[in-house]
Amino acid sequence: MARRAPKDSSDLGLRTSALGIYVHIPFCSAICNYCNFNRGLYDAALKSRYVEALRREIGSAPETSADTIFFGGGTPSLLEPDEIASIIRAVRDRIVLDPAAEITLETNPETVDRAKLERFRGAGVNRLSFGVQSFHDDELKRLGRIHSAERARAAVRDARAAGFDNVSLDLMMWLPGQSVDAWMANVEGLIAAEPDHASLYLLELYPNAPLKEDMARAGWSQAPDDDAAEMYLRAMERLESAGLRQYEISNVARPGRESRHNVKYWQDGEWLAFGCGAHGTVAGVRSKNVSGTEDYIARVTNGGDPVSERRRLSANERVEDALFTGLRLVDGIDLDGFRARYGVNVWEKYGPSLQPYVDAGWLVRDGSRLSLTRAGMLMANEVLAVFV
Ligand code: SF4
């Protein structure tokens with residue numbers, strides 16, 4: 001497959017010194033049978049106390065500057081637009097927020113209509129990331145999702161009508177009972193919805209997922225590995241032909257619509273994190289808040305520290321993390337830039353372990369550039385294990 005030869009490590013033009021801000025919202029209307037995130041069932045009173053705690057935590061954040069906010073969950077769109085507005089105000093009161101900041105809200109299609117989306121827009125949200133997962137109602141049911149395919153399509157139309165010009169959709173592939181053709185119909189559904197960005201994830205079944213029991217009971221199974229590889233490769237080719245360029249293992253975007261927030265994770269950027277279970281990295285220090293919602297509220301409300309783990313990364317860990325995440329990007333890493341930033345000659349250190357993957361056609365070394373091929377992206381876990 002022909003690959004672009006990028007010029008330098010800032011190919012996406014997205015690396016800035018400003019921080020990102022992640023805000024975790026741990027509430028969902030129903031719990032999906034495959035979900036392993038930090039979330040619980042929605043409770044209006046608990047939500048109000050949680051939003052208050054979030055504002056307090058943000059109010060004691062270090063004074064700094066940021067250019068992205070990402071509301072993730074859980075289902076952040078279960079919050080009222082006024083609550084989202086109050087959290088953004090709390091950020092602005094404490095942190096210098098770029099006037100053109102990217103402000104993303106993860107949104108479940110069943111939680112919004114056009115009027116609510118207009119109010120989110122008015123609150124300052126300028127990017128929506130919809131958890132669509134599938135355009136087949138039977139697949140959505142199997143996953144325990146409570147929206148229909150038509151509701152997902154309508155939500156995207158509502159978002160456009162509400163003035164959003166930056167809309168992302170999430171799809172999941174390799175679902176129980178899903179054929180390659182059924183998956184490709186989802187990809188066509190995604191293209192027809194005309195998003196600016198999309199994330200495609202392989203379903204991962206964690207050990208005690210209720211979905212595993214459902215599968216055993218109903219006799220559903222996942223397609224063979226070879227089919228999963230075909231799903232991935234065909235989807236990426238089809239999306240690129242529709243103008244959505246792959247820029248990361250699981251992510252595609254129209255030019256200029258790459259997720260500025262998520263790129264910070266992959267380019268060894270820095271971000272503050274607020275809310276239960278949220279983890280951030282600033283100045284080489286990684287921290288994680290307590291996971292429990294009540295525990296988090298109690299700590300913050302009592303003026304305590306919500307952080308349960310705080311650790312300075314060693315120089316070696318930073319290098320390994322930067323390689324591990326940087327190679328997820330299609331543009332890969334610039335070895336010269338890497339040496340200038342971290343003082344490490346990657347090829348000298350890891351070359352002998354990486355050469356077999358170059359020989360196998362999974363990695364390409366092109367001048368100063370090291371990147372995974374698309375075939376290599378399918379084997380990323382194996383290749384990237386060299387660094388951990
Ligand atoms: S909506 Fe998302 S966070 Fe909530 S249960 Fe489903 S997968 Fe998990």
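Everything here concerns the structure above.
Q: Would you explain the site of the ligand in this entry?
A: Around the ligand, the neighbouring residues are Cys-28, Ala-30, Ile-31, Cys-32, Tyr-34, Cys-35, Phe-37, Gly-74, Thr-75, Asn-108 and Arg-145. By residue class, the composition of the shell around the ligand is seven nonpolar, three polar and one charged.

Q: Help me understand the packing of helix H1 (residues 44-59) against helix H2 (residues 81-94), please; the structure alone is not making it clear to me.
A: Two quantities define a packed helix pair, namely the angle between the axes and the distance from one axis to the other. Where H1 meets H2, the axes come as close as 8 Å, and the angle between the chain directions of the two elements is 10°. Looking at the two axes, H1 sits roughly parallel to H2. The two elements H1 and H2 cross, and the hand of that crossing is right-handed. For the pair formed by H1 and H2, the contact residues are Lys-47, Ser-48, Val-51, Leu-54, Arg-55, Ile-58 and Gly-59 on the first element and Glu-83, Ser-86, Ile-87, Ala-90, Val-91 and Arg-94 on the second.

Q: For this particular structure, what's the right way to read the environment of Gly-219?
A: In this structure, Gly-219 sits in the loop between helix H7 (210-218) and helix H8 (225-241). Taking C-alpha positions, Gly-219 is 17 Å from Leu-203, a pair spaced 16 residues apart along the chain.

Q: Before we go on, may I ask you to explain the state of the cysteines in this structure?
A: Simply put, disulfide is the name for a covalent bond between the sulfur atoms of two cysteines. Summed over all chains, the structure comprises zero disulfides. Here Cys-276 is not cross-linked by a disulfide; its sulfur's nearest cysteine counterpart is in Cys-28, at 11 Å. Among the residues examined, Cys-276 registers a relative accessible area of 0% and is labelled buried.

How each quantity is defined
- Residues numbered from 1 in each chain as written.
- Predicted model: local features only at pLDDT ≥ 70, side-chain atom pairs only at ≥ 80, totals over all residues.
- Heavy atoms only, no water.
- Near = heavy atom within 4 Å.
- Nonpolar A, V, L, I, M, F, W, Y, C, P; charged D, E, K, R; others polar.
- Axes fitted to C-alpha atoms, helices over the stretch in contact; angles between N-to-C directions.
- Helix = DSSP H or I, 4+ residues; strand = E, 2+ residues; numbered from the N terminus.
- Parallel < 35°, antiparallel > 145°, perpendicular 65-115°, else oblique.
- Left-handed = near helix turned anticlockwise from the far one by under 90°.
- Contact = heavy atoms within 4.5 Å.
- Disulfide = S-S within 2.5 Å.
- Buried < 20%, exposed > 50% of the residue type's maximum accessible area, 1.4 Å probe, protein only.

Note that every value here comes from positions in space, so none of it alone points to a role or purpose.
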